[in-house]
Amino acid sequence: MDPAAYGFEDNPPDAQLDETDAMFVDVIHTDGEIIAGWGPSIKRPIGHVDFYPNGGLNQPGCDPSFTGMDWYCDHSRAYQLFLDTLDPSSPPLRAYMCDSYERFLAGTCMSCRANRCMNMGIDASRVPRKKHVKLYLHTTGHSPYRVYHYSVKIHFRPGRYHSYSGTLYVTLHGAQGDTEEISLNGGELTIEPRKSRTFLVTTDRSVGKLQGVTFRWTAPLPPQEDSGTGSWFSWFKKRSVDNIPPLRDSKLSLHDRHGVEFPMKDGANDRGLSDGISVPSARQRRHRRSSYEDDVLYVRTIRIKSGLSQERIRLCNPRKRTRTEGIPPNQSVRFRAC
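These remarks concern the structure in this document. All residue numbers here refer to positions counted from 1 along the written sequence of the relevant chain. Totals for whole chains, interfaces and linings use every residue, but because this is a predicted model, local features are given only for residues with pLDDT of at least 70 and side-chain atom pairs only at 80 or more, for both listing and counting. With hydrogens and water stripped out, all remaining heavy atoms of the structure feed into the side-chain values.

## Structural notes on the pattern of salt bridges
If charged atoms from side chains of opposite charge come close, those side chains can pair. Salt bridges, as used here, are contacts in which a Lys or Arg side-chain nitrogen is within 4 Å of a carboxyl oxygen on Asp or Glu. Applying the stated criterion across every chain yields a total of five salt bridges. Here glutamate 311 makes a salt bridge to lysine 209, at a shortest N to O gap of 3.4 Å. Of the two residues, glutamate 311 sits in the loop between β17 (299-306) and β18 (312-316) while lysine 209 sits in the loop between β11 (196-203) and β12 (210-218), which places them 102 residues apart along the sequence. Exposure remark for lysine 209: the relative accessible area of 56% places this residue in the exposed category. Put simply, DSSP H or I for four residues or longer makes a helix, DSSP E for two residues or longer makes a strand, and each gets a number counted from the N terminus. Exposure categories follow from relative accessible area, calculated using a 1.4 Å probe and restricted to protein chains: below 20% of the type maximum is buried, above 50% is exposed, and the middle band is partly exposed.

This is the structure:
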């Protein structure tokens, strides 16, 4: 349980813990953070299976400042988690095989096929013909430590601009209740149209069989007009409106290559020609984006996979194929099963 690094890290294999010390060696890493070139515990995998609760670094409920005896909180969490798995009244702590903690946080490691997930602690088992298997999970900061893991994949359909910036939130709805509103990715991110993004979502609330999800997003505050730091697409939106040439009252005319003038009928004004300048038609102007209109996100579908039950559900935007499909900032939209 969180094997010590000091005095053991650089020892030969016969003088430190490794997978050859027993028929089955499982390790729980909880305090492998390196500070000033030194860490209290071994972070690299050394057993048949190596569990990394919360990435094996800072544990929930512990002060990450590394002052006084606070560092011991992370280190001692290993045996507290193991003791929790001995209590039959405590739910199991499911962990998922993954190449790195970064990929785990991206929500791409929720599979239980081919022994790719197992319970940490007393129920851990060896993966056949493998060693140094890394498994990750999140926990709460107190007993019971279990949280429910979900992989949330959001598909963004093409929008008016190349990318958006904002913070995304979801609320999961199930047969047994709802979760709190959960921030995806922990903060602001850049969203690319025509692409999908996958996120890891965890909650300590059990919602049962998934039924839907509520999606909301917030946009960053726009820059001040006099700051000179406006974004490119904000400048483009303003130009797209300001640069519409006005319609003239004078009659329109066309010239051939010899300079002979041909007067045009009054109806030609509707076709958008004014002294050789192409003018948007009335229909085009009606659909031109206003410089004061809020940006919107176009979310086509949301796919969710439960790590515990391995259940998958595909949810669709109820506004699909309507003019109100775009989602403005701070507006909540509930996606339902397709």
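## Here we look at unusual backbone geometry
For the bond from serine 143 to proline 144, the omega torsion is -5°, close enough to zero to count as cis. Note on placement: proline 144 falls in the loop between β5 (133-137) and β6 (148-156). A positive phi is found at asparagine 185, a non-glycine position, where the angle reads about 70°. With respect to the helices, strands and loops of the structure, asparagine 185 is situated in the loop between β9 (182-183) and β10 (189-191). Phi at arginine 194 takes a positive value of approximately 70°, unusual for a residue other than glycine. Looking at the secondary structure, you find arginine 194 in the loop between β10 and β11. Using a relative accessible area of 63% as the deciding quantity, one classes arginine 194 as exposed.

## Things to note about the side chain of threonine 85
Within the fold, threonine 85 resides in helix α1 (residues 71-86). Contacts described as polar in this section are N or O atom pairs within 3.5 Å, which, within protein, must combine one atom able to donate a hydrogen with one able to accept it, while residues neighboring in sequence count only if both atoms come from side chains. One polar contact links the side chain of threonine 85 to the main-chain carbonyl oxygen of phenylalanine 82, over a distance of 2.5 Å. It only takes one pair of heavy atoms within 4.5 Å for two residues to be counted as in contact. In contact with threonine 85, not counting residues within four places along its chain, are Leu93, Met120, Gly121 and Ile122.

## Considerations on the pairing of strand β19 (residues 333-337)
DSSP bridges decide pairing: two strands pair if at least two such bridges lie between them. Here β12 runs beside β19; their pairing, made up of four bridges, is antiparallel. Bridge pairing links valine 213 to phenylalanine 335 in β19. Pairing between β18 and β19: two bridges, direction antiparallel. Counted as the bridge partner of cysteine 316 is arginine 336 from β19.

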